[in-house]
Amino acid sequence: MSDKLRVGILGATGMVGQRFITILADHPWFEVVTVAASPRSEGKKYSEAVEGRWKMDVPVPDAVKDLVLYNVNDVEKVASTVDFVFSAVDMSKDEIKAIEEAYAKTETPVVSNNSAHRWTPDVPMVVPELNPEHYEVIKYQKERLGTQRGFIAVKPNCSIQSYAPALFALKEFGPKEVVVSTYQAISGAGKTFKDWPEMVGNIIPYIGGEEEKSEQEPLRIWGKVEDGVIKKCEDGPKITSQCIRVPVLNGHTATVFVNFEKKPTKEEIIDRWVNFKGEPQELNLPNAPKQFIQYLEDDNRPQVSLDVDFENGMGVSMGRLREDTLFDYKFVGLSHNTLRGAAGGAVLSAELLYAKGYITKK
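All figures in this text were calculated on a predicted structure; none of them were measured in a lab.

S.K.: Would you mind going over the environment of Glu351 with me for this structure?
M.R.: Note on placement: Glu351 falls in helix α12 (residues 339–355). Among the residues examined, Glu351 registers a relative accessible area of 0% and is labelled buried. Between the C-alpha atoms of Glu351 and Asn287, which are 64 residues apart in sequence, the distance is 8.0 Å. Those residues in contact with Glu351, other than ones at most four positions away along the chain, are His27, Trp29, Phe30, Leu285, Pro286, Asn287 and Ala288.

As structure tokens, then:
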């Protein structure tokens, strides 16, 4: 029997589920043994279920082709086969909350890509390099759920990865006012150009719910664990945003304007960015980028076509840092939305949870 932890993927046939499949294909610690999706896919082989709608640029990994899909609603049945699950289910928010808690109550940790539990007070929402101390709230969540090892952990919205790490690395200077616009890829909506031909040569100036997430989620990452819950940082930066869908397959770009309590020099900003490290780097986790934030000097960088795959899509890229006439500084950020922003970020979270002893073999 393999020493690897047995992993299940909930929502395995969707775009994020497919990304989980590809990332985990040769993982040194985790092995996908169970795939689950909607009742209409139940009983089909995975390769059959995704035929004609496989959206990755690599083939379906051999190790999962013949796995037979479970009904994701058969919670006890799925949970009995795995040590933990990744959640990428496509349901209503209330349904996601309920099913993720149901899995946790079977003593199965849930690492979720979904937004449903991001504001549940005792559920940690973590970017592993930025706020791993929020995992401390898990012990209080277990008390509420009545579990010994089952819990839910989530990752934040994909678009904030393109600027929140850059602001977090500058915390010592007190970012206080931020104006950010994000230019978001169509894969963030779970689509390709084949699925969404009307996006070719088009821009849509609205993405439902994104602006609120962009403004509020960084403040939860900045927050602290107090009295068994995560308290949002009330004196963190005030953020206002606009979020636009653009004709790009992968990669969210952000333009950022920022004022500081204590204005740093340009050299200090770049130094803090390129030298920023977190627990994933210190622990040398399998999917941790060696360099989390890079700074590109060329005026025409970062570009999606050149930079989105930096550090296998797990690093973030900054460029065009310069002083502004109304704000202290402005810059441009770029992150891979389905790798760092979605499935890859969740896998890195699971790696850190495993390294810290929160996820174990059943």
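Right, picking up where we left off after that structure.
S.K.: It is not clear to me how the side chain of Asp328 should be interpreted in this structure. Could you clarify?
M.R.: Looking at the secondary structure, you find Asp328 in the loop between β13 (316–323) and β14 (329–335). Within the structure, the side chain of Asp328 is placed 2.8 Å from the backbone nitrogen of Phe260, a separation counted as a polar contact. With near-sequence residues (within four places) excluded, Asp328 lies in contact with Val258, Asn259, Phe260, Lys263, Arg322 and Glu323.

S.K.: Would you mind showing me how to read the pattern of salt bridges here?
M.R.: Between side chains of opposite charge, pairing is possible as soon as their charged atoms come close. Applying the stated criterion across every chain, the model contains 17 salt bridges. Residue Arg272 pairs with Glu172 through a salt bridge whose shortest N-O separation is 2.7 Å. Within this pair, whereas Arg272 is found in helix α9 (residues 266–274), its partner Glu172 is found in the loop between α7 (164–168) and β7 (175–184), the two being separated by 100 residues in sequence. Taking relative accessible area as the criterion, Arg272 reaches 23% and is therefore assigned partly exposed. By relative accessible area, which is 52% here, Glu172 ends up exposed. The shortest N-O distance in the salt bridge between Lys330 and Asp324 comes to 3.1 Å. The pair Lys330 / Asp324 is uniform in exposure class, with both members buried. Each of the salt bridges in this network shares a partner with another, and the network as a whole consists of Glu101, Asp122 and Arg144.

The rules we used
Residues numbered from 1 in each chain as written. Predicted model: local features only at pLDDT ≥ 70, side-chain atom pairs only at ≥ 80, totals over all residues. Heavy atoms only, no water. Helix = DSSP H or I, 4+ residues; strand = E, 2+ residues; numbered from the N terminus. Buried < 20%, exposed > 50% of the residue type's maximum accessible area, 1.4 Å probe, protein only. Contact = heavy atoms within 4.5 Å. Polar contact = N/O pair within 3.5 Å; in protein donor to acceptor, adjacent residues only side chain to side chain. Salt bridge = Lys/Arg side-chain N within 4 Å of Asp/Glu carboxyl O.

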